[in-house]
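Coordinates in review
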Amino acid sequence: MDTKNKARIIDIALQAGVGTATVDRVLNGRPGVRQKTIDRVLDAARQLEKAPARPAVIPSIAAGMSVDVIIAGNAGFANDILARALRRLGEQHGLQLRTNYPQRMNPLALVDALEQSLERGSSGLIVQPLEHPAVREAIGRFIRQGIPVVSILTDLPDMETLGYSGLDNRAAGRTAGLLMGRLIGGKGQVAVFWGGQLYRSHEEREMGFRTVLRDEYPALSLREVVQGQDDPEKNYRAAKQLLATQKDLRGIYCIGGGNRGIEKAMLESGRKDEIVYIAQNLTALTRQCLLSGVMDAVVHQDMVRVADSALTAVINCSVGRPVAIERVPVEIIMRENLR
């Protein structure tokens, strides 16, 4: 269907009530979009094709909106990619995007950032939450004031938000577990590095990973989880000790950030060819690790799609359109299918 002379992707997105990334995937026949959404996008494109002239993208749809984005600071390259995507999409929609980066894994810093946003007035909130009562209470104040809230990267169950933008984290962990078991193909120990229990997403990934290893690969023994707080230096020290002392270590799964530290320890140990190393999210660093052979696989979520889904939900809610946030597919990326 040729709509380029009448409707841009953003025209179709506004007509269908979905994000621009979703429209792009549908029009180019790429997978990962539900059939119901595909039908809605194609129907919007057909309607616009019949229009006598290209519809104007009305600036007032997002004009005057001030959307607060609060995501963890210094949390790694994946969060940097997410922040850039949100800024770019905010500019495309013509809204004011106010971004705050509180200290990672610090509930009080996150609460302070939330309170600042609420005090100056907000049209919507996109937040990477921590599982902590004070954080839930602070986010609850946005909800009680009728301000639309979307949780991003990690879910906030049992709260009346618009929804969650990100992947199914338990499925991501199960995917990593299946990859780990198949790639090792024998017995040994496996280590898991995570940011900490304050990220529900990390708990869900660890749960899925552990379940698959327990049920399908009982010859693999999962060590106690390493709480590196997504910090490269902490991960480096822990990985260095593990690699030096645990001769039957056969696998490492990094659930969150801090991959630079693990990569450094792997290279220094001389054991990179005997350890299966799996990480989350394709970034400049994990790409290089895959190319060099240090890392075997990445369980990936498309940060542009995460950003687009979250921002579209806030805008749609504000203008009275239906809100539908779809989970981002779990992708497996290895050296041979790098893009």
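Our structure is the block above this text.
A few points on the structure.

Conventions used here
Within every chain, residues take consecutive numbers counted from 1 along the sequence as written. Predicted model: local features are reported for residues with pLDDT of at least 70 only, side-chain atom pairs are reported and counted for 80 or more only, and whole-chain, interface and lining totals are derived from all residues. As a rule here, side-chain values come from all non-hydrogen atoms in the structure, and water together with hydrogens is ignored. By the criteria applied, helices consist of DSSP H or I runs no shorter than four residues and strands consist of E runs no shorter than two, each listed in order from the N terminus. Only C-alpha atoms enter the radius of gyration; for comparison, a globular chain is expected to reach 2.2 Å times N to the power 0.38, where N is the number of residues. Each residue is assigned to one of three classes by its accessible area relative to the maximum for its type, calculated with a 1.4 Å probe on protein chains only: buried under 20%, partly exposed between the two thresholds, exposed over 50%. Note on contacts: a residue pair qualifies if any of its non-hydrogen atoms lie within 4.5 Å across the two residues. Computed with the Shrake-Rupley method and a 1.4 Å probe, the accessible areas treat only the protein chains shown as cover for residues. Asp and Glu count as negative and Lys and Arg as positive, but His and the ends of the chain are not part of the count. Note on charges: their place is set at NZ of Lys, CZ of Arg, CG of Asp or CD of Glu.

**Structural notes on the overall build of the chain**
- Helix and strand counts for the chain stand at 12 helices and 12 strands.
- Computed over its C-alpha atoms, the radius of gyration of the chain comes to 21 Å, within 12% of the 20 Å expected for a compact globule of 339 residues.
- With the C-alpha coordinates of the chain rotated into their principal frame, the extents come out at 70 × 45 × 30 Å.
- Burial analysis of the chain (339 residues in total) assigns 55% to the buried set.
- If you take every contact in the chain between residues at least 6 apart in sequence, the share linking residues at least 24 apart comes to 71%.
- As displayed, the chain has an accessible area near 15100 Å², and 48% of this comes from carbon and sulfur atoms.
- A gap of 3 Å separates the mean positions of the 44 positive and 38 negative side-chain charges of the chain.

**With respect to unusual backbone geometry**
- Of note in this structure, Gln229 is not a glycine but carries a positive phi near 55°.
- Mapped onto the secondary structure, Gln229 falls in the loop between β8 (226-227) and α9 (232-245).
- For Gln229, a relative accessible area of 32% translates into the label partly exposed.
- Even without a glycine there, the phi angle at Asp230 is positive, about 60°.
- Tracing the sequence through the fold places Asp230 in the loop between β8 and α9.
- The class of Asp230 is buried, set by a relative accessible area of 7%.

Shape descriptors only; they carry no functional weight alone.
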